[in-house]
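Inside the fold
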Amino acid sequence: MALFKLLPRTLKGRQSCSFISINRFSFSSPEDAAAERRRRRRLLGMPLLSALGDIPRPSAPDQPPVRKPQASPSIPKLPEAASSLSGPRLLLHNNILSLLRSGDIQEAILLVRHSVYSNCRPTIYTVNAVLSALLNESLHSELLSLHRFVIQAGIVPSVVTHNLLIQSYIDSCKLDLAISYYRFLCRDLPLLPSPSTYRILVKALLSASKMQEALQLKDEMNTLMEPDIEVYNLLMSELVDSGDPDGALALYEELTGKLGENLKSFGGIVHGSLMKAYFKKGMQKEALELYDSVLGKEGSQLRFTAQSYNSILDAFFKNGKFEESFSLFERMMAEHCPPRRLSVNLESFTLMVDGYCATGMFKEAIDLFRKINEKKITADVLAYNNLIGKVGQNGMVVVAEELYREMREHDVKPNEHTFALLMEACFVAQRIEDAIQFFSEMANSGVEPGTLAYNTVLCGLVKAGNPAEAKAFFDRMMEKEVKRDLLSYEVLLKAFCDSNRLDDLFVVVRALLMDKNVVFKPQMKELVEDAARGEQMEGELARLYDEVEKEKKDALVRAAEEKLRADALSKEERLRKRAEAKAKQAATTKITKEHIEMHIKRFSLNNIEEKEDVPHFGGIFGNGGGPPKQVSDCIGSSEVFKVRNADNSA
């Protein structure tokens, strides 16, 4: 009744209906409830629960229990499926991606390492995202360290993980190690290489001028999977550039023989390389006919991607077909409609900028470059460096500085190559002070000057007729222990020989002879000796050679002595630690022995005291007037306590 008073006025009239509707959520029997649960599971697409008859019965008492077979630890594990990236692990993945987008890679690494031993372990997809960020920042040692950590933690790598590791080895100039890891991947791992694996390795082999190894790798790919058209495109393009168009045409015939009509579904990736081969052989008619057959006709079965278009653009530019390339780029821009249709990318704009600059149309190149954002494409530091270098070489320093400012406004971080291009542009325009200012600005921008930056300043100052100032930068280079190459020495040696500054010349020669990473070429050595002979200072140069040889021998002796001293100290340290460990073990053994003896002695004394304190009773356990007997040791402590209390009360 009280509940009825609390109901709203509009619901009081429908009270009975309300209680009647509640019965819809109840079932008359457990069988009806089970049927309803099965119906709901079928609607949700969930597997039905197994019937009772499917449940294995326990084994009989006289038979041993059936043990579930355990998987052998020697069987390799497969990486987790994409469905594992859900729930808290998906939240962790998104948090790490947020850290990577904000540029806080170190915090992302720490979060991955800490979460490995938590209740929410990261998936291999999360680890791959961090490894990719480290690869983009060229942090190869940290990439290898994190990869080793997650493998030891039991996170099974995927093919993407292996590809990132191979790319890291290649970027670290360890191509042989990358090939060895690929062999290990094919031989010992349960995962086969992906097409991206072969693209990475083939591109690296071609960059190292190892065409035969790249062709052999292509043949290995064909034995494991379907031919990858991008691998063939890389090989064909390199063969054309190296002057072997016939080899490129042979590869195209091999590809068409393997894929046949399926080649049309790949978007015409190889048609650009095929056109380059025709142009190289002087078959311009065949090249243009190929272009008309795949792009000139409406309703073509080939659906070109941005990469396919870029290949044809490159073929046109390299063979002077600028009008055709401009017309093709307009078509690409008209078809571009992200995200549904992507027919233009950053490489397309870079190719067009190069084409405009090659024809002297710098204004059009700059205007086109500034329209990149309109197509939802972000220019990176390489694209900016390309345009800055083009305008700087043609004396357009003001435009180069404007591009540099735009670069900073769009949060694109400049690198050492950016400042080197700006300094070259200033030196071309005879703006020496501005070039030195850009060199000083590198440190403020968080970029440490390296060999490229120092060599740019040295060459610019020498060309400007300031060898003394160039010598000051060379001294700073040695003071900061920046790695020097042959150009660093040659530019100063020539300048000092031409200006007869033999004192500075001998300083540079001494530094060159003491540098283990650079070889004193015979041509430069002859030039130095001619300069010393012209000033009649052959004796000073000979003494310099002798002093350097003596210093090298002394350095070798000191290095050997230091090594012996270090080995002796290491041996002494090992013996000291061994003696300390032995003494500590002996002390521990002595303490343990004394402790055991003390407990044994205390236990013996307690037994003696208990036996002496036990009273004698006559006739309790014996027959009346017999001699008194000692209470047995089997009497419990509580009984002894009662007997003692009774004795005290008496």
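Quick notes on the rules
- Residues numbered from 1 in each chain as written.
- Predicted model: local features only at pLDDT ≥ 70, side-chain atom pairs only at ≥ 80, totals over all residues.
- Heavy atoms only, no water.
- Phe/Tyr/Trp six-rings, centres within 6.5 Å; stacked < 30°, edge-to-face > 60°.
- Helix = DSSP H or I, 4+ residues; strand = E, 2+ residues; numbered from the N terminus.
- Buried < 20%, exposed > 50% of the residue type's maximum accessible area, 1.4 Å probe, protein only.
- Lys NZ or Arg CZ within 6 Å of the ring centre and 35° of its normal.
- Salt bridge = Lys/Arg side-chain N within 4 Å of Asp/Glu carboxyl O.
- pLDDT = per-residue confidence, 0-100.
- Contact = heavy atoms within 4.5 Å.
- Expected span 1.5 Å × (residues − 1).
- Core = buried A, V, L, I, M, F, W, Y, C linked by side-chain atoms within 4.5 Å.

1. Some remarks on the packing of aromatic side chains
Under the criterion given, the structure shown has 15 aromatic pairs. Note on tyrosine 291 and phenylalanine 316: the rings are 5.1 Å apart at their centroids and 80 degrees apart in plane angle, and the pair reads as edge-to-face. A residue pair is termed long-range when its members are at least 10 positions apart, and tyrosine 291 in helix α16 (residues 284–296) and phenylalanine 316 in helix α17 (residues 306–318) qualify at 25 residues. In this structure, tyrosine 291 and phenylalanine 316 share a single accessibility class: buried. Seen in terms of ring centroids, phenylalanine 439 and tyrosine 454 are 5.1 Å apart; in terms of plane orientation they differ by 70 degrees. Their pairing is edge-to-face. Within this pair, whereas phenylalanine 439 is found in helix α24 (residues 432–444), its partner tyrosine 454 is found in helix α25 (residues 451–463), the two being separated by 15 residues in sequence. On the basis of relative accessible area, tyrosine 454 is assigned to the buried category, the value being 2%. By the ring-pair criterion, three or more aromatic residues cluster together here, those being Phe317, Phe322, Phe326 and Tyr356. The ring of phenylalanine 149 is capped by arginine 113, whose NZ or CZ atom sits 4.6 Å from the centre of that ring. Positioned over the ring face of tyrosine 545 is lysine 525, at 5.4 Å from the centre of the ring.

2. Considering the pattern of salt bridges
Summed over all chains, the structure comprises 29 salt bridges. Of the charged contacts, one joins aspartate 219 and lysine 218 as a salt bridge, the two residues approaching to 3.0 Å between their closest N and O atoms. Aspartate 554 is the salt-bridge partner of lysine 550, the closest N and O atoms lying 3.1 Å from each other. Taken as a pair, lysine 550 and aspartate 554 lie in helix α30 (residues 538–613) at a separation of 4 residues, close to a single helical turn. Aspartate 554 gets classed as partly exposed once you look at its relative accessible area, which sits at 29%. Among the charged side chains, a salt-bridge network with shared partners connects Asp241, Lys276, Asp314 and Lys318.

3. Some words on the confidence of the model for the protein
Detailed conclusions should not be drawn from predicted coordinates in areas where pLDDT is low. Looking at the protein, pLDDT values average 80 and 81% of them are 70 or higher. Note on residues 1–25: pLDDT is under 50 here. Beyond four places in sequence and across chains, it has 4 contacts. Below pLDDT 50 for its whole length, residues 616–650 participates in 18 contacts with residues either more than four positions away or in separate chains.

4. A few points about the environment of alanine 277
For alanine 277, the location among the structural elements is in helix α15 (residues 271–280). Taking the C-alpha atoms as reference points, alanine 277 and methionine 236, 41 residues apart in sequence, are found 8.2 Å from one another. Once you skip the residues sitting within four places of it in the chain, alanine 277 turns out to touch Val240, Pro245, Ala248 and Leu249.

5. Details of helix α7 (residues 124–136)
The first and last C-alpha atoms of α7 sit 18 Å apart over 13 residues, in line with the 18 Å expected at 1.5 Å per residue. Taken together, the buried positions of α7 are Ile124, Thr126, Val127, Asn128, Val130, Leu131, Ala133, Leu134 and Leu135.

6. Topic: the environment of valine 482
Relative to the assigned elements, valine 482 resides in the loop between α26 (467–479) and α27 (486–499). Ignoring anything within four residues of it in the chain, the contact list for valine 482 reads Pro449, Gly450, Thr451, Tyr454 and Met477.

7. Concerning the nonpolar core
Counting residues in hydrophobic clusters, the biggest one holds 160 residues, and the most contacted among them are Leu328, Phe329, Met423, Leu493, Leu505, Val509 and Phe520. Tallying contributions element by element places helix α28 (residues 502–514) first for this core, with 8 residues. Excluding residues within four positions of it along the chain, methionine 423 makes contact with Ala435, Phe438, Phe439, Met442, Ala453, Thr456 and Val457.

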